[in-house]
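# Examination of the molecular architecture
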Amino acid sequence: MSNNASNARDFRVALGQFATGVTVITTVDADRSPVGVTASSFNSVSLDPPLVLWSLAKGARSMQAFQESGYFCVHVLGASQEDLSARFATPGVDKFAGQDWARGHGDVPLLPEYAARFQCKTTHMYEGGDHLIFVGEVLDYAKTDEPPLVFHGGRYALAKSKGQGERPGAAVDVTHGTFTENFFLYLLARAHFQASAPLRAEYAKADIDEDEYLTLTMLGLGGPLSLQALQVRLEHTGHTPSYATVSGMIDKGYVTETVDGTKFSITVKGRELYLSLLASSKAIEENFLARFSDAEISDVRNFLQRFIKSTDPGIPDFWQTNGNGST
Ligand SMILES: Cc1cc2nc3c(=O)[nH]c(=O)nc-3n(C[C@H](O)[C@H](O)[C@H](O)COP(=O)(O)O)c2cc1C
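Summarised in this report is the structure supplied together with it.

As a further point, take the site of the ligand. Around the ligand, 19 residues are found, and the nearest of them are Thr-38, Ser-41, Ala-57, Ser-62 and Lys-95. Between the ligand and the protein, one listed contact pairs an oxygen atom with a backbone N or O atom of Arg-61 at 3.0 Å. Burial of the ligand by the surrounding chains reaches 80%, relative to a free accessible area of 640 Å². Of the pockets mapped on this structure, the ligand occupies the second largest pocket. Mapped onto the shell around the ligand, the elements with two or more residues apiece are strand S3 (34-39) and strand S5 (51-57). Broken down by class, the residue content of the shell around the ligand amounts to 10 nonpolar, seven polar and two charged.

What follows is the structure, given as structure tokens:
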């Protein structure tokens, strides 16, 4: 292979086809101060004895610390740790500023968040061209349920499972009355129940049930609406409001009837409750979504939007039809 710039670029691009995880590898310098770098060259070597390897560019500022300390700790980063990866890949900045850490084997800094963490004692160092290859014996390790951050083609990516060889439908065994955790309807239902549990607690505090909560939401989005219009909008939820539902809400002061008695609208007190429940929903959503990356959220949102569209029984688009007094 000739050594010109375009070949070097091609070589790098070809190597980028090998998807890796991303790690932050830490050690200490002669003053026991923390040192760390981002590295994707990490790999497993041996199970018995437990050995791992990685390689560091000879020009790295941290080279001397890694060569001399005798220990290092590999933090396999989680999908949400892109910022940490970027910080530890930037030479010359204070990489540990504002960062919690503790000391582990060989006084090496341990970061608290990771998908997996391996504390190692350096056993071998090998020449590898412009890099030095470090092999370490794993003294201790830990793992979390965080999905890993992936690096592929020079970009961060997410690991996407190709499924566990289970075809759609295979998750349910009707003969034996069992289903696995891949049963799609179970996943959708369980996600819905877990996501809405804190909100259910909020509206229960206001002494309203799910029928009333959904009715309040429809009238909060716009109105006035006839009982029939409310029923058409809510039938798919299994919580179709009856006249008794709406009249109970009139008694509680959340809903009022139009003068001609054909439609219902939200009262000032009803709107206050609606807005406070909407604020709770927003806070609940923020709390849940903080656990996921932007890419994961946008994948799931796109999927759910397509799913809703393709299974829509013909529910009116209430963002379009509400508010103009129609139906
Ligand atoms: C995703 C990613 C993977 C990297 N992998 C390595 C690697 O395996 N070895 C290496 O020497 N540098 C790697 N780097 C670059 C170093 O993190 C970067 O040069 C760092 O600034 C070196 O730190 P230092 O000069 O403070 O020691 C990687 C950078 C990124 C963003």
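The step from Asp-48 to Pro-49 runs through a cis peptide bond, and the omega angle for that step is 5°. Relative to the helices and strands, Pro-49 is located in the loop between strand S4 (43-46) and S5. Residues Gly-223 and Pro-224 are joined by a peptide bond in cis, for which omega reads 0°. Position of Pro-224 among the secondary structure elements: in the loop between helix H5 (210-221) and helix H6 (227-234). A positive phi angle, close to 65°, is found at Asp-107, a residue other than glycine.

So, about the packing of aromatic side chains. Summed over all chains, the structure comprises 16 aromatic pairs. On the basis of an interplanar angle of 65° and a centroid distance of 5.9 Å, the ring pair of Phe-96 and Trp-101 is categorised as edge-to-face. Phe-96 gets classed as buried once you look at its relative accessible area, which sits at 9%. The class of Trp-101 is partly exposed, set by a relative accessible area of 31%. Sitting over the ring of Tyr-254, Lys-269 keeps its end group 5.0 Å from the ring centre.

Looking now at the sheet that holds strand S1 (residues 20-21). Reading across the sheet, the three strands line up as S1-S11-S12 and stay open at both edges, with antiparallel pairing between neighbours. A strand with exactly one partner marks an edge of an open sheet, and here the two such strands are S1 and strand S12 (155-158). Here four bridges tie strand S11 (residues 149-152) to S12, and the two strands are oriented antiparallel to one another. Its bridge partner being in S12, Leu-149 is matched across the sheet by Leu-158.

What follows deals with the sheet that holds S4. If you walk across this open sheet you meet the seven strands as S3-S2-S6-S9-S10-S5-S4, and the pairing is antiparallel. A strand with exactly one partner marks an edge of an open sheet, and here the two such strands are S3 and S4. Averaged over neighbouring strand pairs, the angle between their axes works out to 35° when direction is ignored. Judged from the three bridges that link them, S4 and S5 form a sheet pairing that is antiparallel. Each residue of the ladder has a partner; that of Ser-46, found in S5, is Leu-51.

What follows is about the nonpolar core. Among the nonpolar cores identified, the biggest contains 25 residues, and Ile-208 and Leu-216 are the most heavily contacted of them. In terms of residues, this core owes the most to one element, H5, which gives five residues. Ignoring any residue separated from it by four or fewer positions in sequence, one finds Ile-208 in contact with Tyr-203, Tyr-213, Leu-216, Lys-252, Tyr-254, Leu-273 and Leu-277. Grouped together as the second largest cluster of nonpolar side chains are 21 residues, Val-52, Leu-56, Val-76 and Phe-118 included.

One can find Gln-99 in the loop between helix H3 (82-88) and strand S7 (102-103). For Gln-99, a relative accessible area of 17% gives the class buried. Sequence-distant contacts of Gln-99, defined by excluding residues within four places in its chain, comprise Leu-84, Arg-87, Leu-111 and Pro-112.

Here we come to the pattern of salt bridges. In the structure shown here, the tally under the stated rule is seven salt bridges. The shortest N-O distance in the salt bridge between Glu-202 and Lys-205 comes to 3.1 Å. Here Lys-205 and Glu-202 lie together in helix H4 (residues 184-205), a separation of three residues that amounts to about one turn. Taking the relative accessible area as the measure of exposure, Glu-202 reaches 27% and is therefore partly exposed. We classify Lys-205 as exposed; its relative accessible area is 66%.

Conventions used here
Residues numbered from 1 in each chain as written. Predicted model: local features only at pLDDT ≥ 70, side-chain atom pairs only at ≥ 80, totals over all residues. Heavy atoms only, no water. Near = heavy atom within 4 Å. Polar contact = N/O pair within 3.5 Å; in protein donor to acceptor, adjacent residues only side chain to side chain. Areas by Shrake-Rupley, 256 points an atom, 1.4 Å probe, with all protein chains shown as cover. 1 Å grid on protein atoms, 1.4 Å probe; cavity = no way out; pocket = protein on both sides within 12 Å on 5 of 7 lines; lining within 4 Å. Sits in = over half its atoms within 2 Å of the grid points. Helix = DSSP H or I, 4+ residues; strand = E, 2+ residues; numbered from the N terminus. Nonpolar A, V, L, I, M, F, W, Y, C, P; charged D, E, K, R; others polar. Phe/Tyr/Trp six-rings, centres within 6.5 Å; stacked < 30°, edge-to-face > 60°. Buried < 20%, exposed > 50% of the residue type's maximum accessible area, 1.4 Å probe, protein only. Lys NZ or Arg CZ within 6 Å of the ring centre and 35° of its normal. Pairing = 2+ DSSP bridges. Axes fitted to C-alpha atoms, helices over the stretch in contact; angles between N-to-C directions. Core = buried A, V, L, I, M, F, W, Y, C linked by side-chain atoms within 4.5 Å. Contact = heavy atoms within 4.5 Å. Salt bridge = Lys/Arg side-chain N within 4 Å of Asp/Glu carboxyl O.

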